[in-house]
Structure formats: C-alpha cells, structure tokens
Amino acid sequence: MFCQECKNKKATVHLTKIINNNKKEFHLCQQCASEKGELEFAFEPKFSIHHFFSGLLDVDGLEAPVGVPAPTTKIQCDNCGLTYAQFSQIGRLGCSKCYGFFGERLNSLLKRIHGSAHHTGKVPHRSGSKIRVKKEIKDMRAELQQKIAQEEFEEAAKIRDKIKELENEVKGGEKKNE
Amino acid sequence: MNEGNFQMTRLSKWMEGAGPNSEIVLSSRIRLARNLKEIPFPYLASDDQREKIYSLVKGLVENNKETFENYEFYNLTELSQLDRQLCMEKHIISPQLVKDSNNSFMLLREDEAVNIMINEEDHIRIQCLYPGLQLENAWELADSLDDLLEERLDYAFDEELGYLTACPTNVGTGVRASLMMHLPGLVINKQINRILSALSQVGLIVRGLYGEGTEVVGNIVQISNQITLGQKEKEIIRNIHVVARQLIEQEEAARQALLNEGRERVADRAGRALGILSNARIIGSQEAMQLISDLRLGMDLGLIELDRKVLNQLLVVIRPAYLQKIQEKELDSYERDVCRATLIREMLEGKTH
C-alpha cells in the first residue's frame, strides 16, 4: 500500500481517527506522517540524551562508586529540593547547589561522560580571581620542580619568591573576606 | 522589545556563504552555557525567578549600550509557534526552545550571528554563528561577551567542576562547538559512514542538520564536541578544527576523484538537478535538499555557475515554517510542496548562466 499523501513511498503508519462518530482511516509513510504531525503523540519513543544519561545512574546504590556507602537516607538538594531519585529520572540537575549535594555519585557519572571530573578551562574573571591565582600557583610549582631538576637554581629561586608572593595575596584576600 | 512586526525572513550572516572553506563548511557555531548561583535552573525555576534572570540581563545590556547597539530582545513566549519554528530553521534557536519557551527570551544581534538565549535549558546561553570555518573567531566573540556578562552576574562556578549546567553533559567549559559540513563526495564514494563512525572515537558527535535526533539530509552533517569537562576551551576547538581539516581533505580528494573519473557524469548530475529545480511545480523538502546538494557540488567544482548565497538561502527558505511565513498562512503538505517549488523557481531564475 502506498502512502495516500505522497503516493510515492510505502505506507507504514496506519491511523484510525474517530471524530464526532465519523471514522476515518489514514495510511501514510513515515515522512508524511511526521510532517503532518501525526507521529507527535508518540509512537516511537524519541531518543533523549537526558534519559540516556539518567539511565547510567542508579537509585538503589547498585552502582555506587567504590568506597561510597549506599545512602541510608534520601539524598536531596537543600536549595531547590530536587532528590537524587528525581535527578536520575530527569537527567538534569535542579540548581547549581545540586552538584555539591550529589557529590561523589555525580562525579562518577561525570567521569563516565567526560572521562574526567576536573575542569581545566576558563575561570570567571571577577568571581574567580582567587581560583585563578591558585591555579597559577599550581602551574608555577610544576615549573619550579622542573627548574630544580634542570639545576637552574637561580631561576628556581625567582619562581619560589613569586609563589610566596601569590600565596600571601590569597591569604590576605581570605582575611579581608572574613 | 520588538513585539509587533517580527521580520525573521531576512538573511542570517551564516547564509552569506563567505568565510574560509565555505565550499565545504557551511557554518561554525560556538555555544556557551552559563547559569547563575543558587537560582534553580529554568525548568525548575518559578516565573518570578525566570523573570529575574531576564531583568538582570536586561539591566546589563542597558548599561552597555555601545556593545549591544545592534541587539534586540525578543520574548519567545509572545512569538507564535510558527515564528519560533522559523528561528529554529535558521539555526538561531534550538528545537527545544520551540516547544517549551516559558518566559524565555533571546537577545539577537541584527545580523543574527550572535544570539544570547535566556531561560533555555540553562539560564544563559551565548551563541555565535559564523559562515565558513571560523570557530576561533566565533569563540573569541563568545568569550568576550561572556566576560562582559560576568562583570555583573554571579555565575555558578565550581573550582573542580567549572561552570555548572542543568545537564551534566555540558558541565565544565559549557562549550559546544559545532560545524555544519556539506560532504557529497564522501557520500557518493560511500566513505562517509566509516569516517563518521571514526569521529566518535575522537570524542565528536555527528548529527543531522538540526542537532540531536535529526536525520542527515542533503549530505549535510553537523559535527560537535561531546566532552566539555577536562579539556580547555581552546583544546576542544583545536580538536574539532583538526578533524574538520581531515574531513575537508578527504572530501576534496573525493571530489577530485569524481572529476577525474567522469567530469561529464558530475556535470550531468548537477545539470539534471538544475533542470528539475527550475521547472518542478511540486517538490518535497527531502527531494529538494538532495537536488540542492547536487547543484552545490556542481557549483563547487566549477561545472555550473551559481551564487553560493542563493544555495544557502534555499536551504532555509524551503523549510515548512519559512514557506508558511512568507505565504502568511498555514499550509498543508501539498500546498507547501507547491509553494516550495514556486519559490525555488523564482530564486533560481536569472541566477544561472
């Protein structure tokens, strides 16, 4: 049977509509049916990335990462109220605080998706200035080790002084905030 | 805000057909996902909270009049379903925003190359869409807009996890870089499936024209990064750039092979496509997309003279919402096929030699 819309392809979608006791039958191909919106009321479960990733999660603690005990109480975000069970159904977090409340379990998911749970990219300029300095210190420590290994002690001393300076800056900043 | 006369039928910058490698790369897109601290993500936020995010961005825009001189706010909830669909067909907004746009706004630059979406899946999404292969340029622009917004907004950022997003697949950099590529040579020589499946091994996703869950039509694919956490933005962009170079090389080789094997055959294919497109009275979108691809290949190989801009425009104007928008009424699929054929004939008239 050919599609009654395009008369070109095989009809694979067969619909019976009853409107005001009038029965009508439609025979359409996949394409015409979706163009007409007849597929809208979900024959085929549409693949959704959220469902897919939430499938990687678990609620019962079967796949809890090693070393993390299965939860004895319900895990819930204090800020928005989303529970971990809800998250594993929806596949989306409720607010930025959820990341803290779902902690370790979320980290293992992130590792599965991204192969890492450690951000190395951009840091916001204004709110992240302290974090940026910390990252800089980390980079400089690595450089310091390298210089020492290469026996370039003069250079190494310079870097060491810079690190001290930056560390004081971070401490000073923290005191001010208190 | 422009609420009345919504003129979306103009050209977007990406359709100009300029830019490096534009014979293979149609467009480059960078999208940054950003959220504000503590306020629930849009799907959980209350109307007041959504409204608050909009007014924060609005205030910021008013304080930076010079930067945002050519931008305009649109309330997506107040646009008709058709207008929203039209925005999607032009790749300005995501399919998701067409369906669900409660208190969602967009801040759109005049040339439609920049769009800042408010209350989509995340509180704020910055999108830059350029013609040809220019991911770096798109990134630099998105990066600078991001800095500007951050001066006033408190982003949800975690030292370990980076920018926090509604979906765990975007966390970290929040960057999605994607390229729209036309690869008819690789489809004809049947290499495409092998190459595309190899892409998934280097952390890239291949999708159809309109992103997630859409099929590949007209030999156009969209490739984008899968990983957003653990790599620097520049690494993500470089990775996709390197792969794009490879794809371009392979596609060029395939096209050259086609020419060497049978110049006449390729010219015939393009000529027939032109014949059908400039004479058909009824045409479906899938057939039209395939023929436009044939025509584009003929043009790229110098077998047919045509304006690239016209072909890029055709990709958009033959879509259902666009057709209905210019006809200013709803059309059933038969009426659309007639209208599509008429529009294509008109656009090709006088454009070929």
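Assigned secondary structure in chain A consists of 7 helices and 2 strands. Put simply, chain A runs from its N terminus to its C terminus through helices and strands in the order β-β-α-α-α-α-α-α-α. Within chain A, the proportion of its 178 residues that are buried is 34%. Counted over contacts in chain A with a minimum sequence separation of 6, partners at least 24 positions apart contribute 36%. Total accessible area on chain A stands at roughly 11800 Å², and carbon and sulfur atoms take up 52% of it.

Moving on, we get to the pattern of salt bridges. On inspection of all chains with the given rule, the structure shows 22 salt bridges over all chains. With its nearest N and O atoms 3.0 Å apart, the salt bridge here joins B:Asp122 to B:Arg125. Like B:Asp122, the residue B:Arg125 is buried in the burial classification. Taken together, the shared-partner salt bridges connect A:Lys122, B:Arg34, B:Asp143, B:Asp146 and B:Asp147 into one network.

Right, let's get into the domain arrangement of chain B. Residues and elements named next belong to chain B. What the domain assignment lists for chain B is domain 1 (2–178) and domain 2 (262–348). Computed over C-alpha atoms, the centres of domain 1 and domain 2 are 30 Å apart. Across the boundary between the two partners, domain 1 contributes 16 residues, which contact 15 residues of domain 2. Of the roughly 1500 Å² buried at the junction of domain 1 and domain 2 (both faces included), carbon and sulfur atoms supply 67%. The tally of links from domain 1 across to domain 2 stands at 1 salt bridge. Here Asp83 makes a salt bridge to Lys325, at a shortest N to O gap of 2.8 Å.

In this section: the packing of helix 2 (residues 81–89) of chain B against helix 10 (residues 320–327) of chain B. All names here are of chain B. Viewed as axis vectors pointing N to C, helix 2 and helix 10 meet at an angle of 130 degrees, and their least axial separation amounts to 8 Å. Between helix 2 and helix 10, the crossing angle belongs to the class labelled oblique. In terms of crossing hand, the pair formed by helix 2 and helix 10 is left-handed. Each of Leu82, Asp83, Gln85, Leu86 and Glu89 in helix 2 lies in contact with helix 10, whose residues at this interface are Pro320, Ala321, Tyr322, Gln324 and Lys325. Its residues placed into classes, the contact of helix 2 with helix 10 shows 5 nonpolar, 2 polar and 3 charged.

Let us look at the interface of chain B and chain A. Residue-level contacts link 50 residues of chain B with 40 residues of chain A. When chain B packs against chain A, close to 3800 Å² is buried across both sides, 53% of that on carbon and sulfur atoms. The largest contributions to the chain B side of the interface with chain A come from B:Tyr43, B:Glu159 and B:Pro168, which together make up 16% of the buried area. Joining chain B to chain A, the criterion identifies 5 salt bridges. Between the two partners, chain B and chain A, sit 24 residue pairs in polar contact (both at pLDDT 80 or more). Of all elements in the fold, only helix 4 (135–150), strand 7 (162–163), helix 8 (285–300) and helix 11 (333–348) of chain B reach the threshold of two or more residues within the side of chain B that touches chain A. Among the elements that take part in the side of chain B that touches chain A, helix 4 of chain B stands out by supplying 5 residues, more than any other.

Let us now look at the pairing of strand 1 (residues 25–34) of chain B. For a regular strand, the rule is simple: side chains alternate between the two faces of the sheet. Residue and element names in this part refer to chain B. Most of strand 1 is tucked away, with 10 of its 10 residues classed as buried. Relative to strand 8 (residues 175–182), strand 1 runs antiparallel, the two being bridged by 7 bridges. Paired with Arg29 across the strands is Ser178, a residue of strand 8. Where strand 1 and strand 5 (residues 124–131) come together, 8 bridges link them in antiparallel fashion. Residue pairing in the sheet places Ser27 in a bridge with Pro131 of strand 5.

Scoring rules and cut-offs
Residues numbered from 1 in each chain as written. Chains lettered and ligands numbered in written order. Predicted model: local features only at pLDDT ≥ 70, side-chain atom pairs only at ≥ 80, totals over all residues. Heavy atoms only, no water. Helix = DSSP H or I, 4+ residues; strand = E, 2+ residues; numbered from the N terminus. Buried < 20%, exposed > 50% of the residue type's maximum accessible area, 1.4 Å probe, protein only. Contact = heavy atoms within 4.5 Å. Areas by Shrake-Rupley, 256 points an atom, 1.4 Å probe, with all protein chains shown as cover. Salt bridge = Lys/Arg side-chain N within 4 Å of Asp/Glu carboxyl O. Domains from an automatic or database assignment. Buried area = accessible area lost by both parts, 1.4 Å probe. Axes fitted to C-alpha atoms, helices over the stretch in contact; angles between N-to-C directions. Parallel < 35°, antiparallel > 145°, perpendicular 65-115°, else oblique. Left-handed = near helix turned anticlockwise from the far one by under 90°. Nonpolar A, V, L, I, M, F, W, Y, C, P; charged D, E, K, R; others polar. Polar contact = N/O pair within 3.5 Å; in protein donor to acceptor, adjacent residues only side chain to side chain. Pairing = 2+ DSSP bridges.

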